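Reading the structure
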Amino acid sequence: MYAQQFSIKKLTASNGAVFSLINIKGAGDEQNFLVVSQSELYPKKELFALVNQILKSLPDGTIPLYQPINRTYLVSSSAMDLIIACNALESVRFSGTKKNDWYIKEAVNVMESNQVVYAGKYSAPDYELLVSEGCSLAIENTMIYHKPEVIEKLKELGIPCLVEKSGNESHPLGRLEWIKLYGVLFGRESLAQDFFDNQVEKISSVLNQKKTDKTVAFFYVTKNGSINVRTSRDYIAKMIELAGGNYVPDLKLKEEDNSSTRNIQVEDFFAKAKDADIMVYNAIVDRPIETLNDLLEKNDIFEAFSAVKNKKVFCIGREFFQSTTGVTQFIADMNNVISGKDTELVYIKKVW
């Protein structure tokens, strides 16, 4: 298992009923959920009694979730792609992202048809809407920890809150493996497992290749002119490594430092990345660059970089941030770029 931030354990009751225990790890914020399948074999009264009995043997605070979970308030935008991939979009009723902020076609479509409605961002949910329509689960990202009062209010209203931590996974395929958690939640375990296995199989040949000596810089220019780069512990850096490249700049971090990005001065970036074979401009936050001149307008120092001289500059767009299932395609794209194949790309675009 690539994912380290969650685990799933099957529990069998005395009468043979099988439940799934989801554990989401954390220091001081560990979460446990008992997913209960609604079965005609077990009347509700009997099922509730059985669940209460099981909960006594589980960690304190374990939350039972009764399927079908079909009125989910999805705040974590990175989860949408995984939910769609395991054919569980019908389980989402509320979005914490507005229609115009989605880059996923299916998400836009369900919001246009009002199958999914906007229910406020993470810090300001529309509690009245969530309660009136019987919200069954809120899926948040770790930003919610900046607003603990929202978690408390959701709890007060009887709405379970699951804080997903796929962004904390150190291995890129660990992020993708969160599809298994959503498969369990929404009764799509087989679909989720098959999707994950197929995606890993698609890049098995890439993962088995020998590492090259090609160096790759991934960055963007901030509003104040500094350079935002990924640390060596970030998943983007790991994907570049898996694709056969060597990520630069390789910032040395202290053991307790879990930072994924860092702003450095242009001069420091020049010293560490001027000889990089390939440069990938990160337009997830900044505006995409269309030409090399767009890059030089940000700072003419880039003219001295080897990748600019050799026209080995690429750009990745904002849609990738929401394309959680695109992890394997990005690795394949990056491998093609490293191998000199600039035409067979999905997420990465050549800049001329």
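These remarks concern the structure in this document. Small disclaimer: the values here were computed from a predicted structure and weren't measured. (Residues numbered from 1 in each chain as written. Predicted model: local features only at pLDDT ≥ 70, side-chain atom pairs only at ≥ 80, totals over all residues. Heavy atoms only, no water.)

**Quick word on the overall build of the chain**
Within the chain, the secondary structure is distributed over 15 helices and 16 strands. The C-alpha atoms of the chain give 22 Å as radius of gyration, which agrees with the globular expectation for 352 residues (20 Å, within 12%). Across its three principal directions, the C-alpha atoms of the chain cover 70 × 40 × 40 Å. Taken over 352 residues, the chain has a buried fraction of 51%. Across the chain, the fraction of contacts at a sequence separation of at least 24, relative to all contacts at a separation of at least 6, is 62%. When the accessible surface of the chain is totalled, it reaches about 17,100 Å², and 47% of it is carbon and sulfur. Looking at charge distribution, the chain has the averaged site of its 41 positive side-chain charges lying 1 Å from that of its 45 negative ones. (Helix = DSSP H or I, 4+ residues; strand = E, 2+ residues; numbered from the N terminus. Rg over C-alpha atoms; globule rule 2.2 N^0.38 Å. Buried < 20%, exposed > 50% of the residue type's maximum accessible area, 1.4 Å probe, protein only. Contact = heavy atoms within 4.5 Å. Areas by Shrake-Rupley, 256 points an atom, 1.4 Å probe, with all protein chains shown as cover. Lys, Arg positive; Asp, Glu negative; His and termini not counted. Charge placed at Lys NZ, Arg CZ, Asp CG, Glu CD.)

**Brief notes about the sheet that holds strand β1 (residues 6-12)**
Pairing in this open sheet of four strands is mixed, and the strands run β1-β2-β3-β4 from one edge to the other. On the outer flanks of this sheet lie β1 and β4 (63-66), each paired with one strand and no other. Along the sheet, successive strands turn relative to each other by an average axial angle of 25°, direction set aside. As paired elements, strand β3 (residues 31-36) and β4 share four bridges and run parallel to each other. Considered in β4, the bridge of Leu34 is made with Pro64. (Pairing = 2+ DSSP bridges. Axes fitted to C-alpha atoms, helices over the stretch in contact; angles between N-to-C directions.)

**Overview of the packing of aromatic side chains**
What describes a pair of aromatic rings is the distance from one ring centre to the other and the angle between the planes of the rings. With the rule as written, the count across this model stands at twelve aromatic pairs. Relative to Phe302, the ring of Phe269 lies with its centre 6.5 Å away and its plane at 75°, an arrangement referred to as edge-to-face. Taken together, the positions of Phe269 in helix α11 (residues 266-273) and Phe302 in the loop between α12 (292-298) and α13 (306-309) put the pair 33 residues apart, joining distant regions of the chain. Both residues of the pair, Phe269 and Phe302, count as buried. With 5.1 Å between their ring centres and 35° between their planes, Phe320 and Phe330 make a pair best called tilted. (Phe/Tyr/Trp six-rings, centres within 6.5 Å; stacked < 30°, edge-to-face > 60°.)

**Regarding the packing of helix α10 (residues 235-242) against helix α15 (residues 327-338)**
In contact at an axis separation of 8 Å, α10 and α15 are set at 55° when each is read in the N-to-C sense. Judged on the interaxial angle alone, α15 and α10 are oblique. With respect to the hand of their crossing, α10 and α15 are arranged in right-handed fashion. Every residue of α15 that contacts α10 at Met239, Ile240 and Leu242 is listed here: Val327, Phe330, Ile331, Met334 and Ile338. Residue composition of the contact of α10 with α15, by class: eight nonpolar, no polar and no charged. (Parallel < 35°, antiparallel > 145°, perpendicular 65-115°, else oblique. Left-handed = near helix turned anticlockwise from the far one by under 90°. Nonpolar A, V, L, I, M, F, W, Y, C, P; charged D, E, K, R; others polar.)

**Some thoughts on the nonpolar core**
If you look at the biggest cluster of nonpolar residues, it comprises 92 residues, and the most contacted ones within it are Tyr182, Leu185, Phe269, Met279, Phe302 and Met334. Every residue in contact with Met279, bar those within four places of it in the chain, is listed here: Ala217, Phe219, Phe269, Leu295, Phe302, Phe305, Ala307, Val308, Lys312, Val313 and Phe314. Among the nonpolar cores identified, the runner-up in size contains 16 residues, and Ala119, Val150, Leu154 and Cys161 belong to it. (Core = buried A, V, L, I, M, F, W, Y, C linked by side-chain atoms within 4.5 Å.)

**Things to note about helix α8 (residues 189-202)**
Here α8 is 14 residues long and its end C-alpha atoms lie 20 Å apart, about the 20 Å a rise of 1.5 Å per residue gives. Looking at α8, one finds that the buried residues are Ala192, Phe196, Gln199 and Val200. Down the axis of α8, the buried set is contained in an arc of 100°. They therefore lie on one face. The exposed set on the far side of α8, more than 90 degrees from its buried face, consists of Ser190, Glu201 and Lys202. (Expected span 1.5 Å × (residues − 1). Arc of directions from axis to C-beta.)

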